[in-house]
Amino acid sequence: MVTEIELKYSLLEGNKQAKPEQIKATISQLLFEHELTFVHQEKQLSNHYFDTAELTLRKNRIALRTRGTKCIGEAKRFEQTIKTSGTIIAGLHQRPEYNVDIADAKPILALFSKTIFQPNTDINQLQQQIVELFSTHFIRHTWLVSLAGAQIEIAFDCGEVACQNYANKPRIYEIELELVNGDAQALLVLTKLLFSQLALRPGQLTKAARGYALYHESIALGSDVENKLANDSATVDKIALSMIDLPKEIKPHNAFTYGIEFVLNQLQRCVDKYVEAPSLNMLNKVSEQLILLRQGFWLFNELLTPDEKSLRNELSYFIRVIHWVDNARYIQSLINKQSLYQKENLVNQELITKLQLDQNCYPRESQVLALLHSERFNNLQVDLLSLLLKRNSDDTLKVDSSSSFAEFAAKRLTNSTKALNYELAQLKKPQDFASIELYLTVHSVLNRALLTISWFSCLFAEPESDIVKRFNMPWLDIKQSIVELQSLSLLQQQLIHLPKPEEKLMQWLANKNENLTTALDQSREKALTMKPYWP
């Protein structure tokens, strides 16, 4: 048994630099330029994945694969492999792997150690039950590189995933870097070199995971999946909080790494979804995860080193770069044919054209994809990964034993909610009326309070419990109303530039603003009465 440690990256396709021959040449040239010793090899691989019809192995977090490898001038060799559950952090995969040489592509379970399987597993019966579910076929170019006393294998895979009698064959087009021996930091150094020349993004899904997804899709004939991908929402999603499920008994410095790892994985899943089906709503979720990551650096600021704090500045940079997505979503909601504005014939074609022109000023999908595969964005994620690896292996990290993490979290929750309640209380005027402008001023304080709840709420109550929902509801209502007010404000700004006054729309906007302000006042009064559910 060995523990496989590798980084997986998907390549951005669609430009001349992404052609297989160009990728191969780029990697070789990069290694030459940095005077790194390497051995290049080309292989043809056919992998067959097996499980029972009931997915017994999958349910026990076991992947069974046979692999046929054909190198130029050599006979085809076969190997069977079992991979068990491991960890995935920012594209870094660590998991136990068991390999046995075999004569052909048919697996022989009895050749594996019985300790791999669940106790009392009948190996002979399991052998009779397994069938092939899917396969992968690809050309693999490898470079065995020597760097800083370590050996690292770069693998460039180009091929497809396939299920029998199913036409859909997702493309495999990815880079893997596996630590053969030596320090894992050398793996990160070599990875950063590749970032300088290749458009990459961290790969959350293994080939086996993609194969299982294809297998389930083939059973369902793909109809549900295709419909979900095609029906991208053109409206602004209802606001909800994403919660970090921190373990109850955890130290502050462990809570920081746990939360950063959790959100970083969420971020990379959102990026994958955007690449698969680009939409403003999904890009907004990418922005939300970046903001949630940055909040962690603020909450645990006193526990961080200066170098670690500098990552907060990089997170802020990318938050600013895609901040435009908010306005773009508002405009999209206005020009969407299913929007309330158009259903009530409030928006004329001249205004729609003006809004569409404004929307065209925002970055195109190709520019967003380039950003999400850029060297700087990848370096940020690797630096976060490096932070996690160092902190997880550093036994010298100490925390103040005089306070528990529950006290640490409760203090920050209390401080943020007090600050928000103070600002909300200041909005109260003699006639019990708060203006739109005043509500917009509390938006940042509200966001900080909600982000703090996202980080620490699960320590004190289940995220779906009634007590949490009741406490969060008025705050989320205020945030939702502020978002709508921003959308209306954007529309009002555009009305100024039209040649003729749109009296019907202006009256509707005035009524809508008044109704939203009334709703905001009611939500504010409700929020000020809520009692914390933490000690």
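Counting restarts for each chain: residues are numbered from 1 in the order of the written sequence. This being a predicted model, a pLDDT of at least 70 is required before a residue's local features are given, and a value of 80 or more before pairs of side-chain atoms are given or counted; all residues contribute to the totals for chains, interfaces and linings. Excluded from the side-chain calculation are hydrogens and water; included are all heavy atoms of the structure.

Colleague: Would you take a moment to explain the packing of aromatic side chains for this structure?
Modeller: Aromatic ring pairs are reported here in terms of the distance separating the ring centres and the angle at which the planes meet. Classification of ring pairs uses Phe, Tyr and Trp, with its six-membered ring standing for Trp, and accepts pairs whose centres are within 6.5 Å; under 30 degrees between planes counts as stacked, over 60 as edge-to-face, and the remaining range as tilted. Tallied over the entire structure, the rule returns 22 aromatic pairs. On the basis of an interplanar angle of 80° and a centroid distance of 5.1 Å, the ring pair of Tyr-533 and Trp-534 is categorised as edge-to-face. Here the term buried applies to any residue with accessible area under 20% of the maximum for its type, exposed to any over 50%, and partly exposed to those in between, with areas from a 1.4 Å probe on protein chains only. Given a relative accessible area of 6%, Trp-534 falls into the buried group. Among the aromatic residues, those joined into a cluster by ring pairs are Phe-256, Phe-297, Phe-300, Phe-405, Phe-408, Trp-455 and Phe-456. One cation-aromatic arrangement involves Lys-207 over Phe-138; the distance from NZ or CZ to the ring centre is 5.0 Å. Lysine and arginine charges are scored as sitting over a ring when NZ or CZ, respectively, is within 6 Å of the ring centre and within 35 degrees of the ring normal. The ring of Trp-298 carries the charged tip of Arg-312 above its face, separated from the ring centre by 3.8 Å.

Colleague: Explanation requested: the packing of helix α9 (residues 306-321) against helix α14 (residues 375-393) in the structure shown.
Modeller: At a minimum axis separation of 11 Å, α9 and α14 run at an interaxial angle of 150°. By the angle class used here, α9 and α14 are roughly antiparallel. Along this stretch, α9 crosses α14, giving a crossing that reads as left-handed. Here Glu-308, Leu-311, Glu-314, Leu-315, Tyr-317 and Phe-318 of α9 lie close against α14, whose contacting residues are Arg-376, Phe-377, Leu-380, Asp-383, Leu-384, Leu-387 and Arg-391. Residue polarity follows a fixed list, in which Ala, Val, Leu, Ile, Met, Phe, Trp, Tyr, Cys and Pro are nonpolar, Asp, Glu, Lys and Arg are charged, and the others, Gly among them, are polar. Classifying every residue of the contact of α9 with α14 by side-chain character gives eight nonpolar, no polar and five charged. Here an angle of 0 to 180 degrees is reported between the N-to-C directions of two axes, which are lines fitted to C-alpha atoms, with helices fitted over the stretch in contact. Every helix listed is a DSSP run of H or I at least four residues long, and every strand listed is a run of E at least two residues long, numbered separately from the N terminus. Roughly parallel means an angle under 35 degrees; roughly antiparallel means over 145; roughly perpendicular covers 65 to 115; every other angle is labelled oblique. Two helices cross in a left-handed way if the nearer one is turned anticlockwise from the farther one by less than a right angle. They cross in a right-handed way if the turn is clockwise. What makes two residues a contact is simply this: any of their non-hydrogen atoms within 4.5 Å.

Colleague: What am I meant to see in the pattern of salt bridges here?
Modeller: Two side chains that carry opposite charge are able to pair once their charged atoms sit near each other. We count a salt bridge whenever a side-chain nitrogen from Lys or Arg sits within 4 Å of a carboxyl oxygen from Asp or Glu. Going through the model one piece at a time under the given rule, you end up with 20 salt bridges. Lys-512 is the salt-bridge partner of Glu-484, the closest N and O atoms lying 3.8 Å from each other. Taken together, the residues Glu-484 in helix α18 (residues 466-495) and Lys-512 in helix α19 (residues 503-529) connect sequence positions 28 residues apart. A residue is classified by how much of its surface remains accessible, and Glu-484, at 30% relative accessible area, is partly exposed. One salt-bridge network, in which partners are shared between bridges, spans Glu-6, Lys-8, Arg-95, Arg-140, Asp-157, Glu-174, Glu-176 and Lys-207.

Colleague: Help me understand the environment of Gly-149, please; the structure alone is not making it clear to me.
Modeller: For Gly-149, the location among the structural elements is in the loop between β7 (131-147) and β8 (150-162). When its relative accessible area of 75% is taken as the criterion, Gly-149 is described as exposed. When the C-alpha atoms of Gly-149 and Ala-186 are compared, they prove to be 8.3 Å apart, with 37 residues separating the residues in sequence. Not counting residues within four places of it along the chain, the set of residues in contact with Gly-149 comprises Asn-181 and Gly-182.

Colleague: What exactly am I supposed to notice about α19 here?
Modeller: Spacing of three or four residues puts side chains on the same side of an α-helix, whose turn is 3.6 residues. The end-to-end C-alpha distance of α19 is 40 Å, a good match for the 39 Å that 27 residues give at a rise of 1.5 Å each. Among all positions of α19, only Leu-505, Trp-508, Leu-509, Asn-513, Leu-516, Thr-517, Leu-520, Asp-521, Ser-523, Arg-524 and Ala-527 are buried. Take the number of residues in a helix, subtract one, and multiply by 1.5 Å to get its expected span.

Colleague: What am I meant to see in α9 here?
Modeller: In a regular helix each residue adds 1.5 Å, so 16 residues correspond to 22 Å; α9 covers 24 Å between its end C-alpha atoms and thus fits that length. For α9, the set of buried residues is Glu-308, Leu-311, Arg-312, Leu-315, Ser-316, Phe-318 and Ile-319. In an axial view of α9, the angular spread of the buried residues amounts to 165°, which keeps them on one side of the axis. Turned more than 90 degrees away from the buried face of α9 sit Pro-306, Asp-307, Asn-313 and Arg-320, all of them exposed. Throughout, the arc means that of the directions going from the helix axis to the C-beta atoms.

Colleague: What should I look at first to understand empty space enclosed by the protein in this one?
Modeller: Whether a set of points on the 1 Å grid over the protein atoms alone is a cavity depends on a 1.4 Å probe fitting there but being unable to get out, while an open set qualifies as a pocket with protein on both sides within 12 Å along at least five of seven lines; lining residues are those with an atom within 4 Å of a point. Grid points are joined across faces, edges and corners, and a volume is the space filled by probe spheres set on the points. In total, this model carries one cavity of 30 Å³ or more according to the counting rule given. Its boundaries defined by the atoms lining it, the largest cavity holds a volume of some 30 Å³. Around the largest cavity, the lining residues are Arg-201, Pro-202, Gln-268, Val-271, Asp-272, Leu-372, Phe-377 and Gln-381. Those elements that provide at least two residues to the lining of the largest cavity are β10 (200-202), α7 (252-276) and α14. Ranked by the residues each element gives to the lining of the largest cavity, the list is headed by α7, at three residues. Partitioning the lining of the largest cavity into residue classes produces four nonpolar, two polar and two charged.

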